[in-house]
Amino acid sequence: MSRKVNISVDNLPDTLRGQIHGVESAIDNESLALFTDNKDVRISIENAAHGLRAYSNTFNHYDLWGRFVRSGHKKLPLEEAPKKTIITRKISEKVDGILYDGEIKITPAVVSTRKDGEDVEYLVWPSDREEKVERALIRLASKGKIVKINFKSGIQYAVVFSMNELAQELKAVGQSMPYPQIKESLEALQGSKLSFKYSATDTKNSAIDDSFYESNMNFLSSLHFSGKKGQGGNVKCVACLNAFVHNMIDNLEYKGYYFNSAQELKRGLSRWMMLRLYHLWRYAAPGKTYHFRLLSIMEKYGSIYSTDDITENKLKALRRDMTTTMKDLIEKGAISEYSITNVKDDKTGNIIDYTYEMHPSDQFCDEILTLNKHNKRIEIQGGKRIVENAVLIDEDKIEEIVEE
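As a starting point, this report considers the structure included with it.

Here we take up the overall build of the protein chain. Helix and strand counts for the protein chain stand at 12 helices and 17 strands. Partitioning the contacts of the protein chain with sequence separation of at least 6, the portion at a separation of at least 24 is 69%. When the accessible surface of the protein chain is split by element, carbon and sulfur atoms take 46% of a total near 20,400 Å².

On to the packing of aromatic side chains, then. The final tally for this structure, using the stated rule, is 21 aromatic pairs. A centroid spacing of 6.3 Å and a plane angle of 15° characterise the contact between Tyr338 and Tyr356, whose relative ring orientation is stacked. With Tyr338 in strand E16 (residues 335-344) and Tyr356 in strand E17 (residues 351-360), this residue pair connects regions lying 18 residues apart in the sequence. For Tyr338, a relative accessible area of 24% corresponds to the partly exposed category. On the basis of relative accessible area, Tyr356 is assigned to the buried category, the value being 0%. Aromatic rings pair up to connect Tyr257, Tyr258, Tyr278, Trp281, Tyr290, Phe292, Tyr338, Tyr356 and Phe364 into one cluster.

The next thing to look at is the sheet that holds E16. Taken together, 3 strands build an open sheet; the order of strands is E15-E17-E16 and the sheet is antiparallel. Each of the sheet's edge strands pairs with one partner strand only, and the pair in question is strand E15 (290-293) and E16. With strand direction ignored, the average angle separating the axes of adjacent strands in the sheet is 20°. Where E15 and E17 come together, 4 bridges link them in antiparallel fashion. Bridged to His291 within E17 is Glu357. Its contacts with the sheet put helix H8 (residues 268-280) on E15, E16 and E17, and the angle it makes with E15 is roughly 130°. Strands in contact with helix H9 (residues 294-301) are E15 and E17; relative to E15, the strand with the most contacts, it is inclined by about 80°.

So, how was this worked out
Residues numbered from 1 in each chain as written. Predicted model: local features only at pLDDT ≥ 70, side-chain atom pairs only at ≥ 80, totals over all residues. Heavy atoms only, no water. Helix = DSSP H or I, 4+ residues; strand = E, 2+ residues; numbered from the N terminus. Contact = heavy atoms within 4.5 Å. Areas by Shrake-Rupley, 256 points an atom, 1.4 Å probe, with all protein chains shown as cover. Phe/Tyr/Trp six-rings, centres within 6.5 Å; stacked < 30°, edge-to-face > 60°. Buried < 20%, exposed > 50% of the residue type's maximum accessible area, 1.4 Å probe, protein only. Pairing = 2+ DSSP bridges. Axes fitted to C-alpha atoms, helices over the stretch in contact; angles between N-to-C directions.

So yeah, pure geometry; function would need other evidence.
Next up, the structure:
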């Protein structure tokens, strides 16, 4: 396990030093100490298909939203920009009894790249590449490379790392990228805007009023680099997380998963599905299954939109994609088998969708059990969960004990 960062104002980039009062690492800050606590979540070699798995965190509903562009334009010269650059998607997820319903908007970043001796500006939509970099960045944060910076304007959480450290995390799961691409991905994450508005309904307690939220922010709040010319991988980076992620860390609204297991998969849909299983299938056990509709899951992923006309050929193509992903999940040891049921139109009898039923593997059940135990311990330590079977002592009894 990597040592947690112990950093001071003096070794931050010059662009930050004059703006801050102080820095706390995960050694000193309770919220960050819990976020980086991964000492009990590594599976024993006997229960692991390929040794000890790398641990990271995933944010409750935030990581389930379709925040990344899966098809269409991902990088365009500014002069070729389409009339409509903002992508709008629906939000509909149920996590821990809370139903999140609304919409999300993704605005691309403007990134400057050197081409033929000149600076050329491009529109860059956050795509699979940026998702890989963001996952690796949160992996570094989960390992302890995260600090709390007390800016004059307020408090932010930031990941402190070198370009080489981020490159190594990507390389470890077969996603190697040259430094310029990694840097451009980070700049795209910082420049891309995320706007969302949604309601949060407690499905377990109808007496609780629905909550409504609306926010505008960047994927990364700010980005800072420092180093010397020709330094390459030794360039130091500070990536400030956005306020939404900051609040989720403070409120323990994250769950652990095995980074390698999800990110080693070659296909974007397979990686996303694996992360989704880690996130939502928290009661995976022998005999229990997980169901989903093909069109619904592909809309959540971002392959299609609710307004799309799904032709017979398009439906077959989506099914082929999911079949490959199911094979990936079986090969990875997440599921043991799956079945498909046709969904037909009542009037025409034509197939209009498919229902999938997945069965967890013994390996995945063991992993989920370990992750759940760890998550429960974190919630108890953070005060979010009341310790079960706790002995309550009234004030009179406390006085008697003290007097004795």
